[in-house]
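So the chains spell out like this:
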Amino acid sequence: MNSLRSHTAAFTGHRSYRGEADPLLAETVRALYGRGYRNFLSGMAEGFDLAAAEVVLSLREELSDLRLVCVLPYSDHPAHRPSALQSRYQRVLLEADRIVTLSTHYYAACYHHRNDYLVAQASYLVAWYDGSVGGTQYTVRRAHAAHLPVENLWPDPQLKFIL
């Protein structure tokens, strides 16, 4: 494993996330920092991805060498965010250390490819996963297949990943 990947964590979670675990998310980023993680990847979807990116940015004053990488599935992705989120979304992109754009245009599998990229570039996955079918499940399954540790912040301790 290359040294950059070994110090990189990625986020995946549901769009329905509304900040329920933000304090735990910040605690998790701090704990990962203590274990040497400096780079954090966000797929920039509404909900958990965007909130996780904001948490990383909010911790920079305390942990000055944190790096946020925003991974966009296609170049026009920012324009297709809900208008209520545009200012948050644009602020995160402006403050990010790097923006990776995986395609010049939307195509049917672009979100799966973005999720594959997150797993391929990280050595740890932080999730907000409730067990339901969708992109988060896809990413968690890919992480398990790649033998990445997955930390699920979903509050139900009885939840088992349905794989």
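Up top is the structure these notes are about.
Criteria and cut-off values
- Residues numbered from 1 in each chain as written.
- Predicted model: local features only at pLDDT ≥ 70, side-chain atom pairs only at ≥ 80, totals over all residues.
- Heavy atoms only, no water.
- Core = buried A, V, L, I, M, F, W, Y, C linked by side-chain atoms within 4.5 Å.
- Buried < 20%, exposed > 50% of the residue type's maximum accessible area, 1.4 Å probe, protein only.
- Helix = DSSP H or I, 4+ residues; strand = E, 2+ residues; numbered from the N terminus.
- Contact = heavy atoms within 4.5 Å.
- Phe/Tyr/Trp six-rings, centres within 6.5 Å; stacked < 30°, edge-to-face > 60°.
- Arc of directions from axis to C-beta.

With 35 residues, the main nonpolar core has Phe11, Phe40, Met44 and Phe48 as its most contacted residues. Taken together, the elements giving at least two residues each to this core come down to β1 (8-13), α2 (22-34), α3 (48-58), β3 (67-72), α4 (86-95) and β5 (124-128). In terms of residues, this core owes the most to one element, α3, which gives 8 residues. Those residues in contact with Phe40 that lie beyond four places of it in its chain are Ala9, Phe11, Val29, Leu32, Val56, Leu66, Arg67, Leu68 and Val69. Counting 16 residues, the second largest nonpolar core, distinct from the first, contains Leu41, Tyr117, Ala127 and Tyr129.

So, on to the packing of aromatic side chains. For the structure on display, the rule yields 10 aromatic pairs. Ring plane angle 20 degrees and centroid distance 5.9 Å describe the contact between Phe11 and Phe40, whose orientation is recorded as stacked. Taken together, the residues Phe11 in strand β1 and Phe40 in strand β2 (residues 39-42) connect sequence positions 29 residues apart. With 6.3 Å between their ring centres and 80 degrees between their planes, Tyr74 and Tyr111 make a pair best called edge-to-face. Taken together, the residues Tyr74 in the loop between β3 and α4 and Tyr111 in helix α5 (residues 110-121) connect sequence positions 37 residues apart. The exposure class assigned to Tyr111 is partly exposed, which follows from its relative accessible area of 22%.

This part covers helix α6 (residues 135-145). Given 3.6 residues to a turn, an α-helix orients residues that are three or four positions apart in the same direction. Residues of α6 that are buried: Thr136, Gln137, Thr139, Val140 and Ala143. Projection of α6 onto a plane perpendicular to its axis shows the buried side chains occupying an angular sector of 165 degrees, all on one side. Residues of α6 that are buried in the fold lie against β1, α5, β5 and β6 (150-152). Positive phi shows up at His147, right after α6, with a value of about 65 degrees.

Residues other than glycine seldom take positive phi values, yet Met44 does so here, at roughly 65 degrees. You can see Met44 is positioned in the loop between β2 and α3. If you check the backbone angles, His147 has positive phi at about 65 degrees while not being a glycine. Looking at where His147 falls in the secondary structure, it is placed in the loop between α6 and β6.

On their own, these measurements won't tell you what the molecule is for.
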